[in-house]
Amino acid sequence: MGSLIEKCQTKKVNAYSILQWNTLCSKLATKESFPKVGESFLNWSFRKELIKQFLQKEKPDILTIEEIDNYEEYKKEILDELEVKYSGNFYEKTDKMMGIYIGVNSDKFTIMEEKKIVFDELVKTEKNEEKKDEKKDEKKDEKKEEKKDEKKEEKQDEEEEEEEEEEEEKKEIIEIKKQSNQIFIIVKIQDNASKEFFYLIVTHLKAKKEFEEVRKNQVENIINYIKDNGLENNNIIVTGDFNAEPTYESIINFEKSGMKSVFDYKKLEFTTFKIRKEVEKRIIDYIFYKGNFIFGEECKSDIKIDENLGLPNLEFPSDHLYLKANFQIK
């Protein structure tokens, strides 16, 4: 397995630090989800100690974490025991299965405003779907009364006409909006020393490759929120598990909106590595920014992994690496 190696490129920037990490929730840390991983490495009592060790070592000034499904325990046994004292909140998804934590070093930052936004999800459905069966029954009743004395040929014509109408209804597909389980959080953060402020957005987008259209819509939700609330000219950092690779349209569209990745994708071999039916070794976690920021040190957890087992393992508690960066406002 090997030891954990930290590779950092330092540009000597006097800056604050931010750490982004999907720490893998207990509900998903199962043998079914990770068939190659030993059960002891999936156990929460084992993993929470490693999570605490890494956070204690890195001491980020801003902490964004996804996939927390046991917040009270997480706070008591991990966050409250860290040397850095964080002021922050937990934001639960609409299905209450898990959520996102945002914390700031209370000696350096103050959270001025916060808001949880539920993504809109576009769903394709047939128009008048609920009325179809009712209309069909009504037509059958009418036919019984009206067609008793009619010729067989006329009856057949009517039946064919009815079938054509039903086929036309089936073709009328519309898109409707409904609330998703996924959320994004936006907080306004003030630097206690300079009184400068910036916005931080944290999210966890829809999983699985086949839901790229959903993720594109979710990214559009974020872009539109920034525009609709007049935040385009503000300093913004966005972190999260996007469940999308750099070549996916959702990420490309996000970058076209003006967001820049702190990390060079060519230097990131992966940010998640798990083995299920196939090897999933992908870049799907990000730190983006726009505005008057200088990003200096770029650091990721770089681990020697048994290619036949994946993550988590003896030395690392999640299937996602954490990303850490130093920054300052110009």
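Residues numbered from 1 in each chain as written. Predicted model: local features only at pLDDT ≥ 70, side-chain atom pairs only at ≥ 80, totals over all residues. Heavy atoms only, no water.

## Quick look at the side chain of Ser 33
You can see Ser 33 is positioned in the loop between strand E2 (16–22) and helix H1 (39–42). Within the local environment of Ser 33, its side chain forms a polar contact with the backbone oxygen of Leu 28, the two atoms lying 3.4 Å apart. For Ser 33, the residues in contact, after removing those within four places along its chain, are Leu 28, Ile 275 and Arg 276. (Helix = DSSP H or I, 4+ residues; strand = E, 2+ residues; numbered from the N terminus. Polar contact = N/O pair within 3.5 Å; in protein donor to acceptor, adjacent residues only side chain to side chain. Contact = heavy atoms within 4.5 Å.)

## Focus: the packing of aromatic side chains
For the structure on display, the rule yields 30 aromatic pairs. A centroid spacing of 5.2 Å and a plane angle of 40° characterise the contact between Phe 119 and Phe 184, whose relative ring orientation is tilted. Taken together, the positions of Phe 119 in strand E6 (residues 109–126) and Phe 184 in strand E7 (residues 173–191) put the pair 65 residues apart, joining distant regions of the chain. Exposure remark for Phe 119: the relative accessible area of 0% places this residue in the buried category. Owing to a relative accessible area of 1%, Phe 184 belongs among the buried residues under this scheme. Measuring from centroid to centroid gives 5.7 Å for Phe 198 and Phe 327, while their planes differ by 80°, and the two rings are edge-to-face. (Phe/Tyr/Trp six-rings, centres within 6.5 Å; stacked < 30°, edge-to-face > 60°. Buried < 20%, exposed > 50% of the residue type's maximum accessible area, 1.4 Å probe, protein only.)

## Digging into the pattern of salt bridges
Counted under the stated rule, the structure contains 18 salt bridges. For Glu 49, the salt bridge goes to Lys 52, with nearest N and O atoms at 3.5 Å. Taken together, the residues Glu 49 and Lys 52, both in helix H2 (residues 44–58) and three residues apart, mark about one turn of the helix. By relative accessible area, Glu 49 is classed as partly exposed at 33%. Overall, Lys 52 belongs to the buried group, its relative accessible area being 14%. Two residues, Lys 59 and Glu 83, come together in a salt bridge whose shortest N-O distance is 3.7 Å. Of this pair, Lys 59 sits in the loop between H2 and strand E3 (62–68) while Glu 83 is found in the loop between helix H3 (71–77) and strand E4 (86–92), placing the two residues 24 residues apart along the sequence. By relative accessible area, which is 33% here, Lys 59 ends up partly exposed. (Salt bridge = Lys/Arg side-chain N within 4 Å of Asp/Glu carboxyl O.)

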